[in-house]
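Inside the fold
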Amino acid sequence: MSAQTNKESLIKIENMSLEYGESINSTLALKNINLEINKGEFICVLGPSGCGKSSLLKCIAGYVKPTSGRVLMQGKEVDGPDWHRGVVFQSPTLYPWMTVNENVEFGPKMRDLPKTEIKEIREFFLDEVNLSGFGENYTFELSGGMKQRVAIARVLANYPQVVLMDEPFGALDALTRENMQNLIRNIWKENNTTIFFITHDVDEALLLANRAVVMSKQPGEIIKIFNVDFTNQIFEKGSKEVIYNEDYFEVKNEIMDIIHSQID
Amino acid sequence: MALNKKKNNKQKEKPAANHPKVNRESEKNKKTKTEKALTFITWASIFLTWYIITKLGIFTPTLLPGPARVWMAFLRILENGYNGVPLWLHLGASFKRLFVALFFAIFTAVPLGLLSGYFDKVEAVIDSVVEFYRPLPPLAYYTLLVLWFGIDDTSKQILLFLAGFAPIYIACVSAVRKLNQDFVLSARSLGAAQKDVFFKIVLPASLPEIFTGIRTAFGVAYTTLVSSEMVAATSGIGWMVLDASNFLKSDVIFVGIIIMGITGVIIDAGLRFLERKIIFWKGHV
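Residues numbered from 1 in each chain as written. Chains lettered and ligands numbered in written order. Predicted model: local features only at pLDDT ≥ 70, side-chain atom pairs only at ≥ 80, totals over all residues.

**Looking at the packing of helix α3 (residues 87-118) of chain B against helix α8 (residues 194-231) of chain B**
For any two helices packed against each other, the geometry is given by the interaxial angle and the distance between the axes. Residues and elements named next belong to chain B. In contact at an axis separation of 8 Å, α3 and α8 are set at 145° when each is read in the N-to-C sense. Here α3 and α8 pass one another in a crossing that is right-handed. Of α8, the residues touching α3 (which contributes Ser94, Arg97, Leu98, Ala101, Leu102, Ala105, Ile106, Val110, Leu114 and Tyr118) are Phe198, Val202, Leu203, Ser206, Ile210, Ile214, Ala217, Phe218, Ala221, Tyr222, Leu225 and Glu229. (Axes fitted to C-alpha atoms, helices over the stretch in contact; angles between N-to-C directions. Helix = DSSP H or I, 4+ residues; strand = E, 2+ residues; numbered from the N terminus. Left-handed = near helix turned anticlockwise from the far one by under 90°. Contact = placed C-beta atoms within 7 Å.)

Following this line, the structure appears as structure tokens:
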């Protein structure tokens, strides 16, 4: 469906497996994962709960070392977390002892960027997530959706090569969620960001992704990858009417069938 | 990507109306009028009972002096001092011991405790020693300290240092252990080096527990201070009480105990005030 011509590979996962625990009590969380993330892609990972979606993200982020196989980023093996791979957690891990400004500036400050540049970046991304004017507030004064937007701005402020998101909107109410989906789609489109997004919501995946990865129940394996284009259509038309199309239902049903067959 | 790019379809969120002042002190801690009245009534009845018992003359005034007598003793000590030494010198001697000891306790126990929580090898070195001496009553090793460092301030300061060190150290270790790991991971993913994670994340995130540890340490050190002054000293509020008991001056004993109680409450209130100012975000983690 999507006509991506010049793909530039960013992250390559090769024959990766992940085991938790020691010998007898060990559980296999991920099995033989092969996946390539290209520059500018919006990849959504779907699967029944407990299928190892988060483990996959942790391996890419560098929080967990795969038991076998490897994660390569631009040809180099991932070894621990670094700022090229930004992470947005399900519950925003904003630092309550810092203001919104200080939270967003944290990454650039850690990288010792010049003061004027830090300020510019901060203003740009706070504006990007519609939170200009909240900079002096403390994060605990914000609503759930606003917190998550600060968390997104904080990650983007580092201009990471890829943004890893672990069910970032899972804890938000339906309305806020929809706003956040539009927001992240716009950010992705405008800045040509690469996003790796975990969700358990099929609609969310189809509304955002240009590739949707469906995983099996534990041990997590990739069952099928769907190339979809709804997100571009929504962006161009500015409305969500594509979700009433025949092909949307077809893809959605197919994914639903796969997931349900995994649960039983 | 251009920083000054024009935004399309963006519904601007309205900034909070001229930034309403944040209420950084939690409402829960505010006492209601009834609760304040109850506390007042409690103290009023304690004083009343005390007054009635002394008025009835059940005990001789030498054993249980009345409020008026204690008040007179207080005024007398305030004016003439105790044994010719002004009251503030006694209090000053005690507080100097207390604050010097706690200053050193805080500045050693906090880094060591955080490091112990952070690096298992540091913990392996320090933890067993702390666990060994912590349950010991401080007065048990005070005798040794007096033998080694003399009866002066040094031995008391070391004693109070040891007494205050353990609670702060233990609070710091547990603070790091209980730390939300996502704080650390997110900081690492934002480009923070090990050192930055420690100073910018671990240290501030541990502050609430560190403060609890410091408050506990103050309590322990204060108790230890008074007992150590009763064992061996020539000045200090604890010594004043002990000396008065040797001469059966029970009104002075009462004055001493009441002063100790009130100063203890004041110190703790000061610490809690600092805590509210510094850790205004407590409970919002």
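**Here we look at the nonpolar core**
Counting 136 residues, the largest nonpolar core has Ala212(A) and Cys172(B) as its most contacted members. Taken domain by domain, the makeup of this core includes at least three residues from each of domain 1 (9-84 + 161-263) and domain 2 (94-159) of chain A. (Core = buried A, V, L, I, M, F, W, Y, C linked by C-beta atoms within 7 Å. Buried ≥ 20, exposed ≤ 12 C-beta atoms within 10 Å, placed from the backbone. Domains from an automatic or database assignment.)

**What to know about the confidence of the model for chain B**
Residues and elements named next belong to chain B. The share of residues in chain B with pLDDT of 70 or more is 89%, and the mean pLDDT across the chain is 85. Contacts from residues 1-27, a stretch scored under 50 in pLDDT, to residues over four places away or in other chains number 19 contacts. Under the prediction, the complex receives an ipTM of 0.87, its pTM being 0.80. (pLDDT = per-residue confidence, 0-100.)

**Focus: the domain arrangement of chain A**
Residue and element names in this part refer to chain A. Partitioning chain A into structural domains gives domain 1 (9-84 + 161-263) and domain 2 (94-159). Relative placement of domain 1 and domain 2: their C-alpha centres are 25 Å apart. Taken together, the 11 residues of domain 1 in the interface contact 11 residues of domain 2. With 5 residues, the single largest contributor to the side of domain 1 that touches domain 2 is helix α5 (residues 174-191).

**Concerning the pairing of strand β9 (residues 211-215) of chain A**
All names here are of chain A. With respect to burial, β9 is a largely interior element, 5 of its 5 residues being buried. Burial along β9 is two-sided: Arg211, Val213 and Met215 facing one way and Ala212 and Val214 facing the other are all buried. Bridge count for strand β3 (residues 42-46) against β9 is 4 bridges, and the pairing is parallel. Within β9, the position partnered with isoleucine 43 by the bridge is arginine 211. In terms of strand pairing, β9 meets strand β10 (residues 222-227) through 5 bridges, oriented antiparallel. Paired with alanine 212 across the two strands is phenylalanine 226, which belongs to β10. Where β9 folds back on β10, the antiparallel hairpin that results is connected by 6 residues. (Pairing = 2+ DSSP bridges.)

**Description of the interface of chain B and chain A**
Counting residues at the interface gives 27 residues for chain B, matched by 33 residues for chain A. Elements represented by at least two residues in the side of chain B that touches chain A include exactly α7 (181-189) and α8 of chain B. Tallied by class, residues from the side of chain B that touches chain A come to 13 nonpolar, 7 polar and 7 charged. (Nonpolar A, V, L, I, M, F, W, Y, C, P; charged D, E, K, R; others polar.)

**Some points on the sheet that holds β10(A)**
Residue and element names in this part refer to chain A. The strand order across the open sheet built from 6 strands is β6-β7-β8-β3-β9-β10, with neighbouring strands paired in mixed fashion. One side of each edge strand has no neighbouring strand; the edge strands of this open sheet are β6 (85-88) and β10. Going from strand to strand, the sheet's axes swing by 15° on average, the running direction of each strand aside. The pairing of strand β7 (residues 162-166) with strand β8 (residues 195-198) spans 4 bridges and is classified as parallel. Note that in β8 the partner of methionine 165 across the bridge is phenylalanine 197. Against the sheet, helix α4 (residues 144-156) makes contact with β6 and β7, and its axis sits at roughly 175° relative to β6, the strand it touches most.

**Details of the pairing of β3(A)**
Two faces make up the sheet, and in a regular strand the side chains alternate between them. All names here are of chain A. Burial of β3 is extensive: 5 of the 5 residues sit out of reach of the surface. Residue alternation in β3 divides its side chains into two sets, Phe42, Cys44 and Leu46 and Ile43 and Val45, and both sets are buried. In this sheet, β8 lies alongside β3 in parallel orientation, the contact comprising 4 bridges. Residue cysteine 44 lies in a different strand from β8, and its bridge partner there is phenylalanine 197.

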